[in-house]
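Geometric and topological summary
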Amino acid sequence: MSKRPFKNRLNDLDPKSWLKFQKSWFLHNPPPRRKDVLRHPAKFPETLVQEFIEFFTKRGQVVFDPMIGTGSTLVAALRAGRNSYGIELNPDYADIARQVISDERAALQISQEQCTATVITGDAANIANLIRTNNIPSIDYMITSPPYWNMLHARGAQTQKSRSEDPGMDQFYSEDAKDLGNIEIYEDFLEQLVEIYISLKPYFVPRAYLTIIVKNIKKGGKIYPLAWDLAKQLSRSYTLKDERIWVQDNQRLMPYGFGNAWVSNTFHHYCLQFRNE
Ligand SMILES: C[S@@+](CC[C@H](N)C(=O)[O-])C[C@H]1O[C@@H](n2cnc3c(N)ncnc32)[C@H](O)[C@@H]1O
């Protein structure tokens, strides 16, 4: 490593931790979830989000997530000592997020004045309005994961089968027509999602980073390259800074297309990196 003094303008990490994050892939198996957030069908682990937040921000900066689900981004931000704001359409998930954050505050003994973690119930399609009416300051970093189109409605998915047998578990995010996970046509879904991210542009500080965690989608024997489509379309407004690949290695292999055709078990997500340049 270079002998020059390490001048760090981006985060509070030491050189060794910085270098470790630079690997383009990482293995992260989600730890067990607390019971109340199990109801949500697709959450990302706070432990993973915290690593991203600690790389892309300094203590006290502002983190934003336009679709927080049960609040993982805000919990991770609180643990990392960053201020955070998040939007969620489903009021039940927003309430769970508020409870999870309040429990985390008590455990960490951090007050709202020391570090905010604000949950806003609303439609991300109205993002400009929500940001203004809730006095959200300029955003230093966004980390988020959208619905993977309407995949939760796909019949036959193994997780959906077991969820349908348990009344405490949701199979979809909601029945709301404004829920992006309920849009039937892929191109319409993509257009609305891209519009949400692009409408955020005036609210980022210059050179802020954005991380979007997403998968390419397989449906009816066809691939819908959501990660690649987002990378291409968002490059109109932000600079694409490549990806990190999140690999999960604790899922059961299923014999899709066995003896007949190539169908992978997709155990990786793209963490797409953009910068507001
Ligand atoms: C993949 S989940 C996010 C999970 C979250 N990262 C977590 O760890 O809990 C996508 C979320 O987007 C929400 N959503 C869908 N359409 C939305 C909209 N128009 N505005 C705000 N949230 C929306 C869904 O209710 C769902 O909770």
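Data block above holds the structure.
This report concerns the structure included in the present document.

Thresholds, definitions, all that
Residues numbered from 1 in each chain as written. Predicted model: local features only at pLDDT ≥ 70, side-chain atom pairs only at ≥ 80, totals over all residues. Heavy atoms only, no water. Helix = DSSP H or I, 4+ residues; strand = E, 2+ residues; numbered from the N terminus. Buried < 20%, exposed > 50% of the residue type's maximum accessible area, 1.4 Å probe, protein only. Contact = heavy atoms within 4.5 Å. Areas by Shrake-Rupley, 256 points an atom, 1.4 Å probe, with all protein chains shown as cover. Patch = residues over 30% accessible without salt bridge, like charges linked within 9 Å, V, L, I, M, F, W, Y side chains within 5 Å. Salt bridge = Lys/Arg side-chain N within 4 Å of Asp/Glu carboxyl O. Lys, Arg positive; Asp, Glu negative; His and termini not counted. Charge placed at Lys NZ, Arg CZ, Asp CG, Glu CD. Pairing = 2+ DSSP bridges. Right-handed = clockwise from strand over helix to strand, strands pointing away. Axes fitted to C-alpha atoms, helices over the stretch in contact; angles between N-to-C directions. Core = buried A, V, L, I, M, F, W, Y, C linked by side-chain atoms within 4.5 Å.

Below, the discussion takes up the overall build of the protein chain. Counting secondary structure elements, the protein chain contains eight helices and 10 strands. Seen through its principal axes, the protein chain has C-alpha atoms that stretch 55 × 45 × 35 Å. Put simply, the protein chain has 277 residues, and 48% of those count as buried. Put simply, of all contacts in the protein chain between residues at least 6 apart along the chain, 74% involve residues at least 24 apart. Total accessible area computed for the protein chain in this model is approximately 14,700 Å², and 52% of it derives from carbon and sulfur atoms.

On the surface, E187, D188, E191 and E195 cluster together to form a negatively charged patch. Take E187: it is sitting in helix α7 (residues 186-199). Among the residues examined, E187 registers a relative accessible area of 51% and is labelled exposed.

Turning to the pairing of strand β3 (residues 83-88), a few remarks are in order. Across the six residues of β3, six count as buried, placing the element largely inside the fold. On β3, burial covers both faces: N83, Y85 and I87 on one face and S84, G86 and E88 on the other are all buried. Bridge count between strand β2 (residues 62-65) and β3: four bridges; the pairing is parallel. Note on β3: the bridge partner recorded for V62 is N83. What joins β2 to β3 is helix α3 (residues 72-80), and the crossover it makes is right-handed. Note that β3 and strand β4 (residues 117-121) share five bridges and pair parallel. From the neighbouring strand, I87 faces β4, where its bridge partner is I120. With helix α4 (residues 91-108) bridging β3 and the parallel β4, this β-α-β connection has right-handed handedness.

A word on the sheet that holds β4. Sheet strands associate in pairs through backbone hydrogen bonding, adopting either a parallel or an antiparallel arrangement. Taken in spatial order, the eight strands of this open sheet run β1-β9-β10-β6-β5-β2-β3-β4, and their pairing is mixed. Edge positions in the open sheet fall to β1 (25-27) and β4, since each of these has one partner strand only. Strand-to-strand, the axes of this sheet are offset by a mean angle of 20°, without reference to chain direction. In the sheet, β1 pairs with strand β9 (residues 239-247) via three bridges, with the strands oriented parallel. Its bridge partner being in β9, W25 is matched across the sheet by I245. Contacting β1, β2, β5 (139-144), β6 (204-214), β9 and β10 (268-275), helix α2 (residues 46-56) runs over the sheet at an angle of about 155° to β5. Those strands touched by α4 are β3 and β4, and its axis lies near 170° from that of β4.

This part is about the nonpolar core. Residues F52, I53, F64, L200, L230 and L234 are the most contacted members of the largest nonpolar core, which totals 63 residues. With eight residues, the top contributor of residues to this core is α7. Listed in part, the 16 residues of the second largest apolar core include L78, Y93, A97 and Y173.

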